[in-house]
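Understanding the architecture of this molecule
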Amino acid sequence: MTELEKVRELHPLDVTVADTRVTVVIPVKDMAQFVTKAMDSILDQTHSNWELIVVNDGSTDDTAAVVTDFINKCGDDRISLYSISQNKGDREACNYAIERAKSEYFMALSADDLIEPTFMATCLELFKYNAHLEFVASQTDFITEAGEPYTEPHPFKMIENASNKSQDEWKKKLFMV
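Below is a short write-up of the structure. Keep in mind that this is a model prediction, so the values were computed, not measured. (Residues numbered from 1 in each chain as written. Predicted model: local features only at pLDDT ≥ 70, side-chain atom pairs only at ≥ 80, totals over all residues. Heavy atoms only, no water.)

This part is about the pattern of salt bridges. Taken as a whole, this structure holds 4 salt bridges when the rule is applied. Linking Lys29 and Asp30 is a salt bridge whose minimum nitrogen-to-oxygen distance equals 2.8 Å. Lys29 sits in the partly exposed class, given a relative accessible area of 34%. Arg100 serves as the salt-bridge partner of Glu99, at 3.4 Å between the closest nitrogen and oxygen. In this structure Glu99 comes out as exposed when scored by relative accessible area, which is 63%. The exposure class assigned to Arg100 is partly exposed, which follows from its relative accessible area of 28%. (Salt bridge = Lys/Arg side-chain N within 4 Å of Asp/Glu carboxyl O. Buried < 20%, exposed > 50% of the residue type's maximum accessible area, 1.4 Å probe, protein only.)

Glancing now at the packing of helix α2 (residues 32-43) against helix α3 (residues 63-74). For any two helices packed against each other, one specifies the inter-axial angle together with the distance between the axes. It is the contact of α2 with α3, at a shortest axis distance of 9 Å, that shows an interaxial angle of 30°. When the axis of α2 is compared with that of α3, the two are roughly parallel. Regarding α2 and α3, the two cross each other, and that crossing is right-handed. Along the contact surface, α2 presents Ala32, Val35, Thr36, Met39, Asp40 and Leu43, while α3 presents Thr63, Val66, Val67, Phe70 and Ile71. Each residue belonging to the contact of α2 with α3 can be placed in one class, and the counts come to 8 nonpolar, 2 polar and 1 charged. (Axes fitted to C-alpha atoms, helices over the stretch in contact; angles between N-to-C directions. Helix = DSSP H or I, 4+ residues; strand = E, 2+ residues; numbered from the N terminus. Parallel < 35°, antiparallel > 145°, perpendicular 65-115°, else oblique. Left-handed = near helix turned anticlockwise from the far one by under 90°. Contact = heavy atoms within 4.5 Å. Nonpolar A, V, L, I, M, F, W, Y, C, P; charged D, E, K, R; others polar.)

Along strand β4 (residues 105-108), the buried face is formed by Tyr105 and Met107; none of Phe106 and Ala108, which line the opposite face, is buried. By the bridge criterion, 4 bridges tie strand β1 (residues 22-28) to β4 in an arrangement that is parallel. Bridge assignment links Val24 to a residue of β4, and that residue is Met107. (Pairing = 2+ DSSP bridges.)

Enumeration according to the criterion identifies 2 aromatic pairs in this entry. Taking the centre distance of 5.3 Å and the plane angle of 55° together, the rings of Tyr105 and Phe127 count as tilted. A residue pair is termed long-range when its members are at least 10 positions apart, and Tyr105 in strand β4 and Phe127 in helix α5 (residues 119-129) qualify at 22 residues. A single burial state applies to Tyr105 and to Phe127, both of which are buried. Directly above the aromatic system of Trp50 lies the positively charged group of Arg78, at a separation of 3.6 Å from the ring centroid. Sitting over the face of the ring of Tyr96, Arg100 holds its NZ or CZ atom 3.5 Å from the ring centroid. (Phe/Tyr/Trp six-rings, centres within 6.5 Å; stacked < 30°, edge-to-face > 60°. Lys NZ or Arg CZ within 6 Å of the ring centre and 35° of its normal.)

Below, the discussion takes up the side chain of Ser59. Relative to the elements of secondary structure, Ser59 occurs in the loop between β2 (50-57) and α3. At 2.8 Å, the side chain of Ser59 and the backbone nitrogen of Asp30 are in polar contact. Here Asn56 takes part through its side chain, which lies 2.5 Å from a polar atom of the side chain of Ser59. Dropping the residues within four chain positions of it, Ser59 is found in contact with Val28, Lys29 and Asp30. (Polar contact = N/O pair within 3.5 Å; in protein donor to acceptor, adjacent residues only side chain to side chain.)

Keep in mind these values describe shape, not function.
What follows is the structure in structure tokens.
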């Protein structure tokens, strides 16, 4: 029996999409100008059973005030803000949120990223019909600060389209194996 089979035996994966809660974390440091758009993209999800944990990771700008104002204006109790006084980095901010998460499914979203309205529902459907999956990732489309597609070379142009690479190809590409 494989390790995954053992885990699935102990923790059967029963995904009923409508009832499945997803914890979304947005780790943020000094991105007050972007974070509310990322939060709006969560509010716009077709899948509505989620919680959003924003972790202010030692921001020196007005990020905390902007997020607090957003939460107060929208009045959605699924959104919470936690602040870490000293910057620890995205990984630590995500770990901080995981400790407070109230669901089995976890999604990290950068403060300057957006997701399509059906993103969460699509990911959950993939889990529902592919019980062997442990995580789902997606391709990125780069946009300008105005929300328009990039027409000039982007700094992350090194990222290739992720379509149809084998596990071995990804290992070679990412880990220089």
